[in-house]
Amino acid sequence: MIDTHVHLDFEQFNEDRKNVIKRFFDNGGKAILNIGVDEDRSNKTLEIAENYLQIFAVLGFHPENGEVNLEEVEKYLKEKCQNSKVKAIGEIGLDYFHSSDEEDREFQKKLFIKQLEVAKNLNLPVVIHCRDAYADLWEIISQTQFKKLKMVIHCFCGGVEEAKNFLQLPNLKFSFTGNITFVKENDELLKVVKKIPLNRIMVETDCPFLAPVPNRGKRNEPSFVKFVIEKIAEIKVLSFDEVENQTDKNAIDFFDLEK
Ligand SMILES: [Zn+2]
């Protein structure tokens, strides 16, 4: 299993980071992608990745950064992404849930587009964060200049119609977290998981957040990604191994992990 989206640099892991990582690799974990959200966190992400052979870095500026200097963002990413442990740019995108301010939303778009341009320039995939903004997300990433980029929408929680739309972009993947384990039985999200072909799906914990059932409410950690795999297997009526093997393969291809 590969946990494609974690924040092990967060202070929730300060006491036992080493053990948390060990637990994942002792229990069949193959690789981890640690995700940056700002400059400081991206630096910490890179530091962790450099200490472990099978932990890789994704660097970027989350939409909730507020005002940052776009030229500095570009300069920072272009420099840091030269490091071979960096496998993608992220998490970047749009978050309208936490922002009702029109001006802020406009800035989020600019910051997102700037980082998409850098990713295209450096030939790197992109990890997308999107909350309550799927229409604007579609408008941006379906543009001719971006639509062929390798992209993953992390913690996807759009509806069936939205999923159908995004499926039109052949290089786009969807990743699911513990949230699929705690929605109600008739929730549309489960139909979405069923509808999306397994070769378009990756799994993640987004730890320390969103711990899956049976650990809901606790601190999340990479070894819990098995509960997300289990849930997808249940929804798609497949074996655990089938889902694990295919999602591993998807992540290895997407992030180019075998180089
Ligand atoms: Zn995240």
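This text follows the structure it describes.
Residues numbered from 1 in each chain as written. Predicted model: local features only at pLDDT ≥ 70, side-chain atom pairs only at ≥ 80, totals over all residues. Heavy atoms only, no water.

### With respect to the sheet that holds strand β1 (residues 2-6)
Adjacent strands of a sheet form backbone hydrogen bonds with each other and so pair up, either parallel or antiparallel. Put simply, the test is: Pairs of strands are assigned from DSSP output, requiring at least two bridges between the strands. Numbered from the N terminus, helices here are DSSP runs of H or I no shorter than four residues, and strands are runs of E no shorter than two. Axes, fitted as lines to C-alpha atoms, cover a helix only where it is in contact. Angles between the N-to-C directions of the axes lie from 0 to 180 degrees. Contacts are assigned to residue pairs that have any heavy atoms within 4.5 Å of one another.
With respect to topology, eight strands assemble into an open sheet ordered β1-β2-β3-β4-β5-β6-β7-β8, the strand pairing being parallel. If you trace the sheet from one side to the other, it starts and ends with β1 and β8 (201-203), each paired once. Across the sheet, the axes of successive neighbouring strands diverge by a mean angle of 30°, strand direction being ignored. Each of β1, β2 (31-35) and β3 (55-59) is contacted by helix α1 (residues 17-26), which is oriented at about 145° to β2, the strand it contacts most. Across the sheet, helix α4 (residues 102-122) lies against β4 (86-95) and β5 (126-131), angled at about 160° from β4, the strand it touches most.

### Comments concerning the side chain of K114
Rule in force here: Relative accessibility under 20% of the residue-type maximum defines a buried residue, over 50% an exposed one, and the middle range a partly exposed one, all with a 1.4 Å probe and only protein chains included. We call two N or O atoms a polar contact when they sit within 3.5 Å, provided that within protein one can donate a hydrogen and the other can accept it, with sequence-adjacent residues counted only if both atoms are side-chain atoms.
Counting through the fold element by element, K114 comes out in helix α4. By relative accessible area, which is 18% here, K114 ends up buried. Within polar-contact distance, the side chain of K114 engages the side chain of E74 at 2.9 Å. Residue contacts for K114: discarding those within four places in its chain leaves L70 and E74.

### With respect to the pairing of strand β7 (residues 172-176)
Residues in a regular strand project their side chains so that they alternate between the two faces of the sheet. Most of β7 is tucked away, with five of its five residues classed as buried. Alternating residues of β7 divide into L172, F174 and F176 and K173 and S175, and every residue in both groups is buried. Two strands pair when backbone bridges link them, and strand β6 (residues 151-153) and β7 are joined in this way by three bridges, in the parallel orientation. Opposite M151, over in β7, you have L172 as the bridge partner.

### Some thoughts on the nonpolar core
Note the following rule: Residues belong to a common nonpolar core when they are buried Ala, Val, Leu, Ile, Met, Phe, Trp, Tyr or Cys residues joined through side-chain atoms within 4.5 Å.
Counting 69 residues, the largest nonpolar core has L8, L137, I141 and F176 as its most contacted members. Setting aside anything within four residues of it in sequence, one finds L8 in contact with F13, R17, V20, I21, I32, N34, I48, I55, C207 and P222. Counting residues in hydrophobic clusters, the runner-up holds 15 residues, among them I2, L33, I35 and A251.

### Digging into the coordination of the zinc ion
What counts is decided by this rule: Each metal site is built from N, O and S donor atoms within 2.8 Å (3.2 Å for Na, K and Ca), and since water is not included, such sites may look incomplete. Under the classification used here, a metal with four donors is tetrahedral if each angle lies between 85 and 135 degrees, square planar if opposite donors are over 155 degrees apart and the others between 65 and 115, a six-donor metal meeting that same test is octahedral, and anything else is irregular.
Bound to the zinc ion on the protein side are H5 (NE2), H7 (NE2), E91 (OE) and D206 (OD), at distances that span 2.2 to 2.5 Å. Classification of the site at the zinc ion as irregular follows from its four donor atoms and the range of 84 to 173° in their angles at the metal. Here the donor residues of the zinc ion share one chain and are spaced in sequence as H-x1-H-x83-E-x114-D. Here D206 lies in the loop between β8 and α8 (225-236) and H5 lies in strand β1, a separation of 201 residues in the sequence.

### Remarks on the pattern of salt bridges
The test is simple: Any carboxyl oxygen of Asp or Glu that lies within 4 Å of a side-chain nitrogen of Lys or Arg is treated as forming a salt bridge with it.
Inspection of every chain in the model, using the stated rule, returns 14 salt bridges. A salt bridge links D9 to R41; the nearest nitrogen and oxygen atoms lie 3.4 Å apart. Within this pair, whereas D9 is found in the loop between β1 and α1, its partner R41 is found in helix α2 (residues 39-51), the two being separated by 32 residues in sequence. Here D9 falls in the buried class, since its relative accessible area comes to 4%.

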